Amino acid sequence: MATFKDIIGQEQIKEHLQSALSSKKISHAYIINGEKSSGKEFIAKVFAMALQCEHGEGEPCQECHSCKQALSDNQPDIIRVTHEKPNTISVDDIRGQINNDVAIKPYSSAYKVYIMNEAEKMTVQAQNAILKTLEEPPEYAVIILLTSNVNSLLPTILSRCVVLNMKPVADEAVKKFLMEQLQIPDYKAEVCVAFARGNIGKAKALASSEEFENVKAEALSLLKYIQDMELHEITAAIKKISEYKLEVNDYLDIMAIWYRDVLLFKATNDVNHLVFREEIQSLRRVAQRSSYEGIESVIEALEKAKTRLNANVNFELTMELLMLEIQENG
């Protein structure tokens, strides 16, 4: 199913698009801005289906010929702009798929909808090329640009588009979605929610990622036993971390969430709000032996390690300093 009801959160965007549909005041160009995997493509798909739906009730009916075609990505008047080079959308991509195509009237629908994912990858020449179409679009054209970095688009493009910004989805809504739609048990859903920070696609990916489960198990095992580890064992653990394809940031996030749990438990003695509450024995042990200042300094060290790694400081060195900080204060 692909209806507005299936979009989790994003009430403002839904409201804007649904009122545009009901008042028949459709803009020629939209930008949906939000981080990777946050659901931009799904919103664009639902909106495009609703525009082309033969029953035109403001919600795609899922039943008419156009909706069925759109559900299987075969609707001839919903065009997905593709690009051959992985990191660039070139001027030729824009000319070939939008500028030269837009003059041809829709094949079977009221509109011709162009959906471009990763619009931030357009070169300046490509942006200038699409600008020509945005300045004088035919009546039936609707261009939807999806981007995770709206600042990479020219001000002249922004001024001709309706910009819709994705908002983080409330944790409760993400948890409910994972438990009801994906049948994820609550303790696992909470870990995914803590990581996803309101990004529904990321929560979904983590919930079904074996790699994430492995990384989590590794990180927790290290945190439980780090006090008794020799330096060579820590070095071996660091080597193992570097082999994970999953971003090391996720590994550090697991550690940060663990220490936030420790801090929370130390302050409140309450298990209910902990993310890793199934690890309560180990959390209690760490909370008892560590001071508030020690835990705070570990959380700061984790943030510092993230910053260093983002600035491409040597991985082994950064991680070794972090582990020693954890051994000393965690």
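Details of the structure are given in the entry above.
Owing to the predicted nature of the structure, the values given are computational and were not obtained by experimental measurement.

About the cut-offs
Residues numbered from 1 in each chain as written. Predicted model: local features only at pLDDT ≥ 70, side-chain atom pairs only at ≥ 80, totals over all residues. Heavy atoms only, no water. Helix = DSSP H or I, 4+ residues; strand = E, 2+ residues; numbered from the N terminus. Buried < 20%, exposed > 50% of the residue type's maximum accessible area, 1.4 Å probe, protein only. Areas by Shrake-Rupley, 256 points an atom, 1.4 Å probe, with all protein chains shown as cover. Lys, Arg positive; Asp, Glu negative; His and termini not counted. Charge placed at Lys NZ, Arg CZ, Asp CG, Glu CD. Axes fitted to C-alpha atoms, helices over the stretch in contact; angles between N-to-C directions. Parallel < 35°, antiparallel > 145°, perpendicular 65-115°, else oblique. Contact = heavy atoms within 4.5 Å. Nonpolar A, V, L, I, M, F, W, Y, C, P; charged D, E, K, R; others polar. Pairing = 2+ DSSP bridges. Right-handed = clockwise from strand over helix to strand, strands pointing away. Phe/Tyr/Trp six-rings, centres within 6.5 Å; stacked < 30°, edge-to-face > 60°. Lys NZ or Arg CZ within 6 Å of the ring centre and 35° of its normal. Salt bridge = Lys/Arg side-chain N within 4 Å of Asp/Glu carboxyl O. Polar contact = N/O pair within 3.5 Å; in protein donor to acceptor, adjacent residues only side chain to side chain.

Student: How should I be thinking about the overall build of the chain in this particular structure?
Tutor: Scanning the chain from N- to C-terminus turns up 15 helices and five strands. Considering only C-alpha atoms, the chain reaches an extent of 70 × 40 × 30 Å along its principal axes. With 330 residues in all, the chain has 50% of them scored as buried. Summed over all atoms, the accessible surface of the chain reaches about 16800 Å², with 49% contributed by carbon and sulfur. Side chains of the chain carry 37 positive and 48 negative charges; the gap between the two charge centres is 3 Å.

Student: Would you explain the packing of helix α12 (residues 248–268) against helix α15 (residues 315–329) in this entry?
Tutor: The packing of two helices is summarised by the inter-axis angle and the distance between the axes. The contact between α12 and α15 brings their axes to 14 Å, and the two run at 10 degrees. As summarised for this structure, α12 and α15 are arranged roughly parallel, according to the angle between their axes. Together, Val248, Leu252, Met255 and Tyr259 of α12 and Phe315, Met319, Leu322, Met323 and Ile326 of α15 make up the contact between the two elements. Tallied by class, residues from the contact of α12 with α15 come to nine nonpolar, no polar and no charged.

Student: I would appreciate a short explanation of the pairing of strand β4 (residues 141–147) in the present structure.
Tutor: Each regular strand carries side chains that alternate between the two faces of the sheet. Where burial is concerned, most of β4 is hidden: seven out of the seven residues are buried. Burial along β4 is two-sided: Ala141, Ile143, Leu145 and Thr147 facing one way and Val142, Ile144 and Leu146 facing the other are all buried. Bridging between strand β1 (residues 29–33) and β4 involves five bridges; their strand directions are parallel. From the neighbouring strand, Ile31 faces β4, where its bridge partner is Leu145. Inspection of the sheet shows strand β3 (residues 112–116) paired to β4 by five bridges, in the parallel sense. For Val113, the partnering residue across the bridge sits in β4 and is Val142. Handedness of the β-α-β unit built from β3, helix α5 (residues 124–135) and β4 comes out right-handed.

Student: Explain the sheet that holds strand β5 (residues 162–165) to me, please; I cannot follow it from the model alone.
Tutor: The pairing of strands in a sheet happens through backbone hydrogen bonds and is either parallel or antiparallel. With parallel pairing, five strands are arranged side by side in an open sheet as β2-β3-β4-β1-β5. Pairing within the sheet leaves two strands with one partner each, and these edge strands are β2 (78–81) and β5. Direction aside, the axes of adjacent strands within the sheet are offset by 20 degrees on average. As judged from the four bridges shared by β2 and β3, these two strands associate in the parallel manner. Across the sheet, Ile79 pairs through a bridge with Tyr114, a residue of β3. Each of β1 and β5 is contacted by helix α1 (residues 11–23), which is oriented at about 145 degrees to β5, the strand it contacts most. Contacts between α5 and the sheet are confined to β1, β3 and β4, with β4 contributing the most and set at about 140 degrees to the helix.

Student: Can you help me understand the packing of aromatic side chains in this one?
Tutor: The relative placement of two aromatic rings is captured by the distance of their centres and the angle of their planes. Overall, the coordinates contain two aromatic pairs when judged by the stated rule. With a centroid separation of 6.3 Å and 45 degrees between ring planes, the pair formed by Trp258 and Phe276 is classed as tilted. Of this pair, Trp258 sits in helix α12 while Phe276 sits in the loop between α12 and α13 (280–289), placing them 18 residues apart in sequence. Judged by its relative accessible area of 0%, Phe276 falls in the buried class. The lysine or arginine in question, Lys266, covers the ring of Tyr292, its NZ or CZ lying 5.3 Å from the ring centre.

Student: I'm lost on the pattern of salt bridges in this one. Help?
Tutor: Pairing between side chains of opposite charge can happen when the charged atoms of each approach one another. What the rule picks out here adds up to 14 salt bridges. Here Lys5 ties to Glu59 by a salt bridge, and the two come within 3.7 Å at their closest N and O atoms. Here Glu59 lies in the loop between α2 (40–52) and α3 (65–71) and Lys5 lies in the segment before α1, a separation of 54 residues in the sequence. Relative accessible area serves as the criterion here: at 69%, Lys5 is assigned to the exposed category. Between Asp253 and Arg197 there is a salt bridge; the shortest N-O distance is 3.5 Å. In this pair, Asp253 is assigned in helix α12 and Arg197 in the loop between α8 (186–196) and α9 (200–207), connecting sequence segments 56 residues apart. Here the salt bridges share partners, and the residues they tie into one network are Lys175, Asp186, Glu190 and Arg277.

Student: Would you mind showing me how to read the side chain of Ser38 here?
Tutor: Residue position: Ser38 is located in the loop between β1 and α2. The buried category is assigned to Ser38, whose relative accessible area is 9%. Of the polar contacts made by the side chain of Ser38, one reaches the backbone oxygen of Glu35; its length is 2.5 Å. With residues near it in sequence (within four places) discarded, Ser38 still touches Met166, Asn199 and Ile200.

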